[in-house]
Amino acid sequence: KSSIPDTAQKYGESPVFTAETIPDKFTKYKHKAGVWGKLCVLEGMIEYVNAEDPANPINLRHGEHVVIEPKKYHYVRPDRDARFFVEFY
């Protein structure tokens, strides 16, 4: 499990998304070099998939998060009740 480096500073965050409002790019996405993400679940459940290891998705529930490393292809599958956002570092 990764953690955001202490030297990284938060510079923004996405709007809150749902299964209906999730942008297409979140179905297959890669952060730029040097950009870390923190996927935060507010409600429901999100399945986070590292595209390099799709057989081992991570199920995140209310209050949980996952750190997304730079340049890693990943995607999410929210359940119909999910609300979530991403912080960028």
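Residues numbered from 1 in each chain as written. Predicted model: local features only at pLDDT ≥ 70, side-chain atom pairs only at ≥ 80, totals over all residues. Heavy atoms only, no water.

Engineer: In this structure, what is going on with the overall build of the protein? I would like to understand it.
Structural biologist: Each helix and strand counted, the protein has zero helices and nine strands in total. Secondary structure of the protein in N-to-C order comes out as β-β-β-β-β-β-β-β-β. Its C-alpha atoms give the protein a radius of gyration of 12 Å, near enough to 12 Å, the size a compact globule of 89 residues would have. When its C-alpha atoms are laid out on the principal axes, the protein stretches across 35 × 25 × 20 Å. Within the protein, the fraction of its 89 residues that count as buried is 36%. The contacts of the protein with a sequence gap of at least 6 include a subset with a gap of at least 24, amounting to 77%. (Helix = DSSP H or I, 4+ residues; strand = E, 2+ residues; numbered from the N terminus. Rg over C-alpha atoms; globule rule 2.2 N^0.38 Å. Buried < 20%, exposed > 50% of the residue type's maximum accessible area, 1.4 Å probe, protein only. Contact = heavy atoms within 4.5 Å.)

Engineer: When you look at the confidence of the model for the protein in this model, what are you seeing that I'm missing?
Structural biologist: Per-residue pLDDT for the protein has a mean of 89; in total, 92% of the residues score no lower than 70. Confidence, read as mean pLDDT per element, is least for strand β3 (residues 29-30) in the protein (60) and greatest for strand β6 (residues 58-61) (96). (pLDDT = per-residue confidence, 0-100.)

Engineer: Mind showing me how you'd approach unusual backbone geometry here?
Structural biologist: Leaving glycine out, the prevailing phi sign among residues is negative, and the prevailing peptide bond configuration is trans. For K71, which is not a glycine, the phi torsion comes out positive at approximately 60 degrees. With respect to the secondary-structure elements, K71 resides in the loop between β7 (65-68) and β8 (73-78).

Engineer: Sorry, what's going on with the side chain of E47 here?
Structural biologist: Along the polypeptide, E47 turns up in strand β5 (residues 45-50). Looking at E47, its side chain comes within polar contact range of the side chain of R77, at 2.4 Å. For E47, the contacting residues outside a window of four places in its chain are P57, I58, N59, Y75, V76 and R77. (Polar contact = N/O pair within 3.5 Å; in protein donor to acceptor, adjacent residues only side chain to side chain.)

Engineer: Would you mind showing me how to read the pairing of strand β4 (residues 37-43) here?
Structural biologist: The pairing of β4 with β7 spans four bridges and is antiparallel. Across the sheet, C40 pairs through a bridge with H65, a residue of β7. One ladder, built from six bridges, connects β4 with strand β9 (residues 83-88); its direction is antiparallel. Of the residues in β9, the one forming a bridge with E43 is R83. (Pairing = 2+ DSSP bridges.)

Engineer: Honestly, the pairing of β5 in this entry has me stumped. Any pointers?
Structural biologist: The two faces of a sheet get side chains in turn, since along a regular strand they alternate between them. Pairing geometry for β5 and β6, over four bridges, is antiparallel. The residue of β6 that forms the bridge with I46 is L60.

Engineer: Please explain the pattern of salt bridges as it appears in this structure.
Structural biologist: On inspection of all chains with the given rule, the structure shows five salt bridges. For K10, the salt bridge goes to E13, with nearest N and O atoms at 2.7 Å. On the basis of relative accessible area, E13 is assigned to the partly exposed category, the value being 45%. Residue E43 is joined to R83 by a salt bridge in which the shortest nitrogen-to-oxygen separation is 3.0 Å. Highlighted residues: E43 in strand β4 and R83 in strand β9, separated in sequence by 40 residues. Here the salt bridges do not stand alone but share partners, grouping K10, E13 and E87 into one network. (Salt bridge = Lys/Arg side-chain N within 4 Å of Asp/Glu carboxyl O.)

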